[in-house]
Amino acid sequence: MAAALCVFAGLPLAAWQGSASGSSRRLNFLAGYLSLTDTQKAQAQTIFDNAAAASETVRGQMESARANLKTAVKANAPAAEIDRLSAAIGTLHGQSTAIQAKAEAQFYALLTTEQKAKYDEMPGPGAGGPGGPGGGRGPSGARTGSRF
């Protein structure tokens, strides 16, 4: 169980959004681990589906932006153009992070006090975990940052 917890709980939401089966596996794990009610499961599925759809849109834009930057580099475009294209990629990264954080906030809001406590104790490197942005553990050793 501990190994499965580390594997399933620690992956960012984006890693689960690549396929419907990944999102379903994550929801099934969380439903079992946190003892989600049927209502919570349905709400979480909607949250995860909406985040996956929004992330897919941003992912497509990101691919296009990277291709444009690659073309600009090969064309020896002016520095200002490379700066503009790079900034667009940065904006898309920010949008992706926001989608994930909003989904996490919506999911977390569904949980009872007991479920939140259990969720907060889940090990693993989420987006805010070690190696991720804003990650690590707080002074009490509890996880801080985003799990998605």
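Residues numbered from 1 in each chain as written. Predicted model: local features only at pLDDT ≥ 70, side-chain atom pairs only at ≥ 80, totals over all residues. Heavy atoms only, no water.

*Asks:* What's the story with the pattern of salt bridges in this structure? I'm lost.
*Replies:* Think of it this way: side chains of opposite charge can pair up when their charged atoms draw near. Within the structure shown, the criterion is met by three salt bridges. The closest approach of N and O atoms between Arg59 and Glu56, which form a salt bridge, is 3.1 Å. In this pair, Arg59 and Glu56 both sit in helix 4 (residues 38-74), three residues apart, roughly one turn of the helix. What makes Arg59 partly exposed here is its relative accessible area of 29%. The class for Glu56 is partly exposed, based on a relative accessible area of 46%. The shortest N-O distance in the salt bridge between Glu81 and Arg84 comes to 2.8 Å. Taken together, the residues Glu81 and Arg84, both in helix 5 (residues 79-110) and three residues apart, mark about one turn of the helix. (Salt bridge = Lys/Arg side-chain N within 4 Å of Asp/Glu carboxyl O. Helix = DSSP H or I, 4+ residues; strand = E, 2+ residues; numbered from the N terminus. Buried < 20%, exposed > 50% of the residue type's maximum accessible area, 1.4 Å probe, protein only.)

*Asks:* Hey, could you run me through the side chain of Gln115 in this one?
*Replies:* Along the chain, Gln115 falls in helix 6 (residues 113-120). Excluding anything up to four places from it in sequence, Gln115 contacts Leu34, Ser35, Leu36, Gln40 and Leu110. (Contact = heavy atoms within 4.5 Å.)

*Asks:* I'm lost on unusual backbone geometry in this one. Help?
*Replies:* Trans peptide bonds make up most of the peptide bonds, and negative phi angles are found at most residues other than glycine. Phi at Ser35 takes a positive value of approximately 55°, unusual for a residue other than glycine. Positionally, Ser35 belongs in the loop between helix 3 (20-34) and helix 4. Classification of Ser35 by relative accessible area gives exposed; the value is 54%. Of note in this structure, Asn76 is not a glycine but carries a positive phi near 55°.

*Asks:* Got a minute to help me understand the packing of helix 4 against helix 5 in this structure?
*Replies:* Packed helix pairs are characterised by how far apart their axes lie and by the angle those axes make with each other. Two elements in contact, helix 4 and helix 5, have axes separated by 9 Å at closest approach and are oriented at 175°. Judged by the inter-axis angle, helix 4 sits roughly antiparallel to helix 5. Per-class residue counts for the contact of helix 4 with helix 5 are 19 nonpolar, 10 polar and one charged. (Axes fitted to C-alpha atoms, helices over the stretch in contact; angles between N-to-C directions. Parallel < 35°, antiparallel > 145°, perpendicular 65-115°, else oblique. Nonpolar A, V, L, I, M, F, W, Y, C, P; charged D, E, K, R; others polar.)

*Asks:* Sorry if this is basic, but what is going on with the environment of Ala44 here?
*Replies:* Inspection of the secondary structure assignment puts Ala44 in helix 4. Taking the C-alpha atoms as reference points, Ala44 and Gln106, separated by 62 residues in sequence, lie 8.2 Å from one another. If we skip the residues at most four places from it in the chain, Ala44 touches Leu27, Phe107 and Leu110.

*Asks:* For this particular structure, what's the right way to read the packing of helix 5 against helix 6?
*Replies:* Between helix 5 and helix 6, the shortest axis-to-axis distance is 8 Å and the interhelical angle comes to 135°. The pairing of helix 5 with helix 6 is recorded here as oblique in orientation. Of helix 6, the residues touching helix 5 (which contributes Glu104, Phe107, Tyr108 and Leu110) are Gln115, Lys116, Tyr119 and Asp120. Residues that form the contact of helix 5 with helix 6 fall into these classes: four nonpolar, one polar and three charged.

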